[in-house]
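Structure assessment
One letter stands for each residue in the lines below.
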Amino acid sequence: MINFKNHKKMIKPISIITALLFLLSGRVQGQTRTITIDVTKPKGELNTFFNACVGAGRANEGLRADWQRQLRIAKEQLGFRYIRMHGILQDDMGVYFEDSQGKPIYNWQYIDELYDFLISIKVRPFVEFGFMPKALASKPTTLSFWFWKPNVSPPKDYQKWDDLIAALVRHWTQRYGEAEVKQWYFEVWNEPNLKNIFWASDQDEYFKLYKETANAVKAVSPAYRVGGPATAGNAWIPEFINYCSTNKVPVDFVSTHTYGNDAFIQKSDDEATAESKRRDAVSGDVKRSRKQVDGSAMPGLELHYTEWNSSSSFNDHVHDHYRQAAYILEKIKRVGNAANSFSYWTFTDIFEEDGPRQTPFDGDFGLINYQDIKKPAFYAYRYLNLLGKQELQNADSSSWICRDPKGNVQVLLYDFTDKFFPTRADSKAFYSKVIPPASKGKVALVYKNLSPGKYKMTVYKTGYGVNDPYTSYLQMGAPSQLTRGEVESIKQKDNDIPIISKTVVITSKKPFQESFDLFENDVLLVTFNKL
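Notes on the structure follow. Note that this is a predicted model, so its numbers are computed, not measured. (Residues numbered from 1 in each chain as written. Predicted model: local features only at pLDDT ≥ 70, side-chain atom pairs only at ≥ 80, totals over all residues. Heavy atoms only, no water.)

Axis separation between helix H2 (residues 65-78) and helix H3 (residues 109-120) bottoms out at 11 Å; the angle between their running directions is 20°. Looking at the two axes, H2 sits roughly parallel to H3. The handedness of the crossing between H2 and H3 is right-handed. On the side of H2, the interface is formed by Trp-67, Gln-68, Leu-71 and Arg-72, while H3 contributes Leu-114, Phe-117 and Leu-118. Considered class by class, the residues forming the contact of H2 with H3 number five nonpolar, one polar and one charged. (Axes fitted to C-alpha atoms, helices over the stretch in contact; angles between N-to-C directions. Helix = DSSP H or I, 4+ residues; strand = E, 2+ residues; numbered from the N terminus. Parallel < 35°, antiparallel > 145°, perpendicular 65-115°, else oblique. Left-handed = near helix turned anticlockwise from the far one by under 90°. Contact = heavy atoms within 4.5 Å. Nonpolar A, V, L, I, M, F, W, Y, C, P; charged D, E, K, R; others polar.)

Quick look at the structure:
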C-alpha cells in the first residue's frame, strides 16, 4: 500500500499503474455509502442463528476456572445458547473403564461438574459423542498430531458402546429431567470423513456407528434429537441422508463444518493458512448444503454448522486481526436463513489441540485470549447480540437495521475488504504485521419517520486501532509474555467505549442524517435510543 503522506519524497517516477491507483484511492475517499432507516417498515423477526451455538476445544478444558469465567462472559455479552466440544468420552474425563473380567465401569463425576456449570449459566450442551475410551477401542489408533491424542477407532464391542451411550443419556435424564434434555442436540463423532485422522475406518463403519448411537439415544427417549455426520468440508450430506432414509435410521438434523481455506486436510502450515479466493467461501458452502438437504428424501431436517471460522489452522493470526470482525459479519450476512445454527470455532484461546499456547496472541481460534483480552471477533458477536428482535427493511447488503420493543433503533454496518495473496507463504505471514487500512469514504445514515423527541445516538466501533488488541500487541514489539501492566494497557484500549455519544432532537418527520468516516474492515454499531 502506498504511503500517500510521503509520496512527495519519492525519487523514482510514478508509474501509470501507481498513478491510477492513486486516483482510484481518491475516488474511494470521496464516496459516500448511504443506508436508509425507515422505522415504519418492518421486515420480520431477526434470525439469531449466529449465536445459537459456539465451539470449545475439549471437555476437560471446561473444568478450568479461567475457561468457565470466559464462558460466563461469552454467555452474558454474546448470548450463546449452546456449546459444542470434543472429548466428552475421552479418558481424561474418566468416563469408561473395565474391570479384570471386562465388565464396564461408568463414572460421571467430571461430566457432572462440567454440565452442572453449563446448565447453571443457561448454556445447553450440543453433545458430540467422541472420542473412543481406550478400554473400548478396537485399535490403538490416536490422533497423533494433537497434544491430547484422542483414540479415533471404532468400538471393539458395539453392544458395550450402545450400553455406554444409553447409560449416559439416562443419567442426564435423571439429573436434569427429560424436559431439559429434549432441548439438547446429540451429534455422533467428529469429521469421520477425514480417514485415519479423526476416524480410523471408512464411511460404512461410520454409518454403523451412527445407527447404533442414534438407536441408543432414542431408546432412552424418542423425543431426543440426534444427528450427524459432523463432517469436514461439507461432505457426505447426500450419502448420510440417503443411508438414514433407506435403512430407517433415526435422524433429526444434519451437521457439518466449513472453513475459509479450501484445503481441510492440510499437509503444511502454508496450506492451512491459504485463504480461499472464492468470494462465497463459507457462506456459499452453507447454501449448497441447504440445497442438498432440501432436495433429499428428508427435506425437513435441520442443518447445523457445528464448526466454522476463517481458517482451520490454530496458529493463523487472521483470527487475532481486526479484519476478522468484518469477516464474521460478512459470512453471517451471506448465510441468511440457510442454517439453523452456525457455531464459531471457538469462544476461547484456552484450547490445547496443539498444546498449551506459547504467546499471548498465537493465532488461535478464540474470541478471547488467555488474559481475558477480547479480540475484534468478540465485538462482532457483541454487536449482533445488541440488535433488537425486529429487523427493518434494508437495501444495504452489508448491514442490519433492527428495532427493539421500546422503539430504539440499531444499525450494525461493516465494510468487508478482502485482500488475497500471490503465494501461500505470503498469506501465512500477512497478518503477522501492522496493517493500516485505506479509507472507504463515508457512510451516511438517513433516519425516516422518527417520532418527535429526544434521542441518544451512540456509536461503537471495531477496526484498526479500536478494539484492536492484536495491533496494540504488535506495536509493543510482540513480547512472548505480557506483564500485568501490559495486559492492563491493552485492555484500556480494548474497552468498547463509544467513539460518539450525543443527544439528538427530532422536531418533525423530516429525515435526520448523520455521516461517519469508514475505513477498510471497519465495523460500526449505531444505536438510536429514545430519552
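Applying the stated criterion across every chain yields a total of 56 aromatic pairs. Pairing Trp-199 with Tyr-206 gives two aromatic rings, centres 6.4 Å apart and planes at 90°, and the pair type is edge-to-face. Residue classification places Trp-199 among the buried residues on the basis of a relative accessible area of 0%. Ring centres of Trp-400 and Tyr-414 lie 6.3 Å apart, and the angle between their planes is 45°; on these two criteria the pair is classed as tilted. (Phe/Tyr/Trp six-rings, centres within 6.5 Å; stacked < 30°, edge-to-face > 60°. Buried < 20%, exposed > 50% of the residue type's maximum accessible area, 1.4 Å probe, protein only.)

Our focus in this paragraph is the sheet that holds strand E18 (residues 500-506). Note on sheets: strands pair through backbone hydrogen bonds, and any given pair is parallel or antiparallel. What the seven strands build is an open sheet, ordered E2-E13-E14-E15-E20-E17-E18; its pairing is antiparallel. Of all the strands in the sheet, the pair left with one neighbour each is strand E2 (42-45) and E18. Adjacent strand axes in the sheet meet at a mean angle of 25° when their direction is disregarded. Pairing of strand E14 (residues 399-403) with strand E15 (residues 409-414), which is carried by five bridges, proceeds in the antiparallel orientation. In the sheet register, Ile-401 faces E15, and the bridge partner there is Val-411. Relative to E15, helix H10 (residues 323-335) is tilted by about 110°, and along the sheet it contacts strand E13 (390-392), E14, E15, strand E17 (453-462) and strand E20 (523-530). (Pairing = 2+ DSSP bridges.)

Across the seven residues that make up strand E10 (residues 253-259), a large majority, seven, are buried. Where burial is concerned, the two faces of E10 agree: the one with Phe-253, Ser-255, His-257 and Tyr-259 and the one with Val-254, Thr-256 and Thr-258 are both buried. Examined bridge by bridge, strand E9 (residues 225-231) and E10 share four bridges and lie parallel to one another. Bridge pairing in E10 places Thr-231 opposite Thr-256. Where E10 meets strand E11 (residues 302-309), seven bridges bridge the pair, whose relative direction is parallel. The partner of Thr-258 across the bridge, within E11, is Trp-308.

Turning to the side chain of Gln-324, a few remarks are in order. Positionally, Gln-324 belongs in helix H10. The exposure class of Gln-324 is buried, given its relative accessible area of 0%. A distance of 2.8 Å separates the side chain of Gln-324 from the side chain of Asn-309, its partner in a polar contact. Filtering out sequence-adjacent residues up to four positions away, Gln-324 remains in contact with Asn-309, Ser-310, Val-318, His-319, Tyr-344 and Ala-377. (Polar contact = N/O pair within 3.5 Å; in protein donor to acceptor, adjacent residues only side chain to side chain.)

Once that is clear, we can look at the sheet that holds strand E16 (residues 439-448). In space, the three strands of this open sheet follow the order E1-E16-E19, with mixed pairing throughout. What marks the edges here is a single partner per strand, and that holds for strand E1 (32-38) and strand E19 (512-519). Across this sheet, the average inter-strand angle for adjacent strands is 20°, counted without regard to direction.

Side chains that differ in charge, positive against negative, can pair when their charged atoms come close. All told, the structure shown has 33 salt bridges when counted by the stated rule. Arg-357 is the partner of Asp-362 in a salt bridge, and the nearest nitrogen-oxygen pair spans 3.4 Å. Here the two residues Asp-362 and Arg-357 agree in accessibility, since each one is buried. When the shortest N-O distance is used, the salt bridge between Lys-440 and Asp-415 registers 2.7 Å. With Lys-440 in strand E16 and Asp-415 in the loop between E15 and helix H12 (424-430), this pair connects stretches of sequence that are 25 residues apart. The partly exposed category is assigned to Lys-440, whose relative accessible area is 25%. Accessibility expressed as a relative area gives 9% for Asp-415, which makes it buried. (Salt bridge = Lys/Arg side-chain N within 4 Å of Asp/Glu carboxyl O.)

In short, geometric facts, not functional conclusions.
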